[in-house]
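Inside the fold
So the chains spell out like this:
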Amino acid sequence: MAKALIDAGAKADICDNFGKTPLDRSTENIKRADGPRTMDLIQSAVKREASDPNYVDAVTRKAAEMSQQAESYWEEGEYRLALEKYHQVLQMPNCDKDYRHHANLAGCALQDAIVKKTSGQLGGRNSFKIAYEAASKAVELEPNFEIGWEEVARAYLGYSELPRAKQAAKNGLV
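Residues numbered from 1 in each chain as written. Predicted model: local features only at pLDDT ≥ 70, side-chain atom pairs only at ≥ 80, totals over all residues. Heavy atoms only, no water.

All right, on to the nonpolar core then. Membership of the largest hydrophobic core comes to 25 residues, with the highest contact counts inside it found for Tyr86, Leu105, Cys108, Val152 and Ala168. Breaking this core down by element, the ones donating at least two residues are helix 5 (79-91), helix 6 (99-119), helix 7 (124-141), helix 8 (146-158) and helix 9 (162-171). Not counting residues up to four positions away in its chain, the partners in contact with Ala168 are Trp149, Val152, Ala153 and Tyr156. (Core = buried A, V, L, I, M, F, W, Y, C linked by side-chain atoms within 4.5 Å. Buried < 20%, exposed > 50% of the residue type's maximum accessible area, 1.4 Å probe, protein only. Helix = DSSP H or I, 4+ residues; strand = E, 2+ residues; numbered from the N terminus. Contact = heavy atoms within 4.5 Å.)

Take a look at the structure:
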């Protein structure tokens, strides 16, 4: 199956809504069925594909498009949809290495948590957890990112962890 995709000229610049190419999808299916030889073929094709500037450009464009959609949802107060879209961006190849994507997820999750907490809705605590994890990843990737440290501190405040919130805020004063 992988060879057929490669021979048929599977293009890396054709991504689905999750940023996955036909090779990505076939890899997921074949891991369960066809074994090591097929996986070797796919991994070799993916390596070639990942070094192709067209592939990198396509993923970057798709991530930017999806981030804009998430931002629109966020501005409209549709936090659940925005969070889903930000999670999808982070699933795209190499997007999890960009601290800004994690920071966007954290900011949206914080807003969602605050709205839920102030309106008495359930799920605010889970949103604080998402915010904490995403903000922590953002500052792990970019330790001098002040907004990321602020988001970590705000997430701690959501858990009433004042000493940790204070320390995170201090870390952001670079």
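With that settled, consider helix 5. Since there are 3.6 residues in each turn of an α-helix, residues three or four apart along the chain are aligned in direction. The end-to-end C-alpha distance of helix 5 is 18 Å, a good match for the 18 Å that 13 residues give at a rise of 1.5 Å each. Residues of helix 5 that are buried: Tyr79, Ala82, Leu83, Lys85, Tyr86, Gln88, Val89 and Leu90. Among the structural elements, helix 4 (53-75) and helix 6 are those in contact with the buried residues of helix 5. (Expected span 1.5 Å × (residues − 1).)

Turning our attention to the confidence of the model for the protein chain. Should pLDDT be low for a region, the predicted coordinates there are not to be read in detail. On average, residues of the protein chain score 82 in pLDDT, and 71% of them reach the 70 mark or higher. Put simply, helix 1 (residues 2-7) is where the protein chain has its lowest mean pLDDT, 53, and helix 8 is where it has its highest, 95. (pLDDT = per-residue confidence, 0-100.)

A positive phi is found at Asn94, a non-glycine position, where the angle reads about 70 degrees. Inspection of the secondary structure assignment puts Asn94 in the loop between helix 5 and helix 6. Of note, the phi angle at Ser160 is positive, near 60 degrees, even though the residue is not glycine. Tracing the backbone through its elements, the reader meets Ser160 in the loop between helix 8 and helix 9.

Positionally, Asp112 belongs in helix 6. For Asp112, the contacting residues outside a window of four places in its chain are Tyr79, Leu83 and Ser127.

Checked against the element boundaries, Val152 lands in helix 8. Take Val152: its relative accessible area is 4%, and that puts it in the buried class. As for Val152 and Glu133, which are separated by 19 residues in sequence, their C-alpha atoms are 8.2 Å apart. Those residues within four positions of Val152 in sequence are excluded, and the remaining contacts are Tyr132, Ala135, Ser136, Val139 and Ala168.

Packing of helix 6 against helix 7 brings their axes to within 7 Å, and their N-to-C directions diverge by 160 degrees. Classified by the angle their axes make, helix 6 and helix 7 are roughly antiparallel. Note on packing geometry: the crossing formed by helix 6 with helix 7 is left-handed. Counted together, Tyr99, His102, Ala103, Leu105, Ala106, Ala109, Leu110, Asp112, Ala113, Lys116 and Lys117 of helix 6 and Gly124, Ser127, Phe128, Ile130, Ala131, Ala134, Ala135, Lys137, Ala138 and Leu141 of helix 7 form the full contact between these two elements. (Axes fitted to C-alpha atoms, helices over the stretch in contact; angles between N-to-C directions. Parallel < 35°, antiparallel > 145°, perpendicular 65-115°, else oblique. Left-handed = near helix turned anticlockwise from the far one by under 90°.)

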